[in-house]
Amino acid sequence: MKFMCVLLLSILLCGGSLSARKRHHRSEKKLDEWDIEYTNEKDDLDYIAEDDTDEKDGEIAFTDHDDLKRENGGYEEDPCTQHYCETGRTCAMNDKGKPFCDCVTECVVETDERRKVCSNHNETWNSDCELYQMKCWCENSYKTCTKKKYKHAHVEYYGTCKQIPKCSDDELADFPRRMREWLFAVMQDLARREELNDYYTQLERLAEEDLSLKWANSVIWKFCDLDSQPEDRVISRQELFPIRAPLLSMEHCISPFLDSCDTDNDQSITLSEWGFCLGLKDEEIQDKCASVHGSRNKE
């Protein structure tokens, strides 16, 4: 589904871009607009914990007894099946039989160029697994850690590193309109492919029947969809990852746009900030997340 959303964005957003995009091979030079200062390692570089997180982390499905252990003539659930670990880490058991997250010992060798990721240090990695494995090594001060700065590494965007053009004032001003169009197109497409839950589908149908709800419903839907860990009516930097990282290499205004939504610079975006940033009126910004999340949890 992620690749479908990215494809839709490339058609809707990139087609309306006002400046031609230059494609370059990876450069070791710092980017004028996207360089990050690393003089203070205790900053907010850790706000993105992992990419490509399953929307249903809590759901465990058993197809056989591989996830169960034999106990007193019956079966007991393996403690690791309910122990979630970030990308680059895997569940292991300590000496007391308790599960904990340890660094993965080996990542799958990726040959597909699309699996490569660009880090916040402007370095291309073969996969997110390799990047977060290194992050884990450095966080635990393992000898396999090659540079201390990788303790604060995260995926900046998908694909090989390249020069990201500057987002002009005119492009940034027009971005909310294009973003609204993209959100509704994605919502509409997912509904037609029956990949939305019942409440999401209801919001989409109402927008189809009443065009005055077209922008509001899609904007609110995406906010509630992103507000997942935890569901607190606030989108954190980590929760923005699924919409930012896949798009940055194709849509250079996504990062400054999301930054502009955080009007009080507290590293998070409220529903009001999100709605205002995307051009909704005060009366259109309604908290529908309780219904959305309630429907999501029943699935």
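Computed from a predicted model, the values in this text were never measured in an experiment.

What follows deals with the state of the cysteines. Per the stated rule, a full pass over the model turns up eight disulfides. Paired through a disulfide, Cys85 and Cys101 show a sulfur-sulfur distance of 2.1 Å. Between Cys85 and Cys101, the disulfide has an S-S torsion of -95° and is therefore left-handed. Note that Cys85 is positioned in the loop between β2 (74-77) and β3 (89-93) and Cys101 in strand β4 (residues 99-103), a separation of 16 residues in sequence. By relative accessible area, which is 14% here, Cys85 ends up buried. By relative accessible area, which is 24% here, Cys101 ends up partly exposed. Across the disulfide from Cys261 sits Cys277; the S-S distance is 2.1 Å. In this structure, the disulfide formed by Cys261 and Cys277 twists by about -75° around the S-S bond and is classed as left-handed.

Once that is clear, we can look at helix α4 (residues 198-209). With 12 residues, α4 ought to run about 16 Å at 1.5 Å a step, and its terminal C-alpha atoms sit 17 Å apart, in line with that. Among all positions in α4, only Tyr199, Tyr200, Thr201, Leu203, Glu204 and Ala207 are buried. The residue sitting at the N-terminus of α4 and contributing the capping side-chain oxygen is Asn197; that oxygen lies 3.1 Å from the backbone nitrogen of Tyr199.

Looking now at the environment of Val108. Looking at the element boundaries, Val108 is found in the loop between β4 and β5 (117-119). Between the C-alpha atom of Val108 and that of Ser127, which follows or precedes it by 19 residues, the distance is 8.6 Å.

We now examine the pairing of β4. Where β3 meets β4, five bridges bridge the pair, whose relative direction is antiparallel. Counted as the bridge partner of Ala92 is Phe100 from β4. Between the antiparallel neighbours β3 and β4 lie five residues, among them Gly97 with a positive phi of about 75°.

Moving on, we get to the nonpolar core. By size, the foremost hydrophobic cluster in this structure holds 43 residues, and its most contacted members are Met179, Trp221, Ile243, Phe257 and Trp274. Looking at this core element by element, the count peaks at eight residues for helix α3 (residues 169-192).

The terminal C-alpha atoms of helix α5 (residues 214-226), which comprises 13 residues, lie 19 Å apart, in line with the 18 Å expected from a rise of 1.5 Å per residue. Burial analysis of α5 places 11 of its 13 residues in the buried class, which makes it a mostly covered element.

As a further point, take the sheet that holds strand β7 (residues 155-158). Overall, antiparallel pairing links the three strands, which are arranged β6-β5-β7 in an open sheet. Among the strands making up the open sheet, the edge pair consists of β6 (124-125) and β7.

Here the focus is the confidence of the model for the protein. Here the protein shows a mean pLDDT of 77. Residues at 70 or above account for 71%. Highest mean pLDDT in the protein belongs to β6 (96); lowest belongs to helix α1 (residues 2-12) (48). Across residues 6-68 the pLDDT falls below 50, and counting only partners more than four positions away or on other chains, this stretch makes 128 contacts in the model.

Another point: the environment of Asn94. Locating Asn94 in the fold gives a position in the loop between β3 and β4. You can call Asn94 partly exposed: its relative accessible area is 32%. Within the local environment of Asn94, its side chain forms a polar contact with the backbone nitrogen of Lys96, the two atoms lying 2.9 Å apart.

Let us now look at the pattern of salt bridges. Throughout the structure, instances matching the rule amount to 16 salt bridges. Of the charged contacts, one joins Glu139 and Arg89 as a salt bridge, the two residues approaching to 2.3 Å between their closest N and O atoms. Separated by 50 residues along the polypeptide, Glu139 in helix α2 (residues 128-139) and Arg89 in strand β3 bring together distant segments of the chain. Here Glu110 ties to Arg115 by a salt bridge, and the two come within 4.0 Å at their closest N and O atoms. For Arg115, a relative accessible area of 30% corresponds to the partly exposed category. Connected through shared salt-bridge partners, Asp174, Arg177, Arg178, Glu181 and Glu251 make up one network.

What counts as what
- Residues numbered from 1 in each chain as written.
- Predicted model: local features only at pLDDT ≥ 70, side-chain atom pairs only at ≥ 80, totals over all residues.
- Heavy atoms only, no water.
- Disulfide = S-S within 2.5 Å.
- Helix = DSSP H or I, 4+ residues; strand = E, 2+ residues; numbered from the N terminus.
- Buried < 20%, exposed > 50% of the residue type's maximum accessible area, 1.4 Å probe, protein only.
- Expected span 1.5 Å × (residues − 1).
- Polar contact = N/O pair within 3.5 Å; in protein donor to acceptor, adjacent residues only side chain to side chain.
- Pairing = 2+ DSSP bridges.
- Core = buried A, V, L, I, M, F, W, Y, C linked by side-chain atoms within 4.5 Å.
- pLDDT = per-residue confidence, 0-100.
- Contact = heavy atoms within 4.5 Å.
- Salt bridge = Lys/Arg side-chain N within 4 Å of Asp/Glu carboxyl O.

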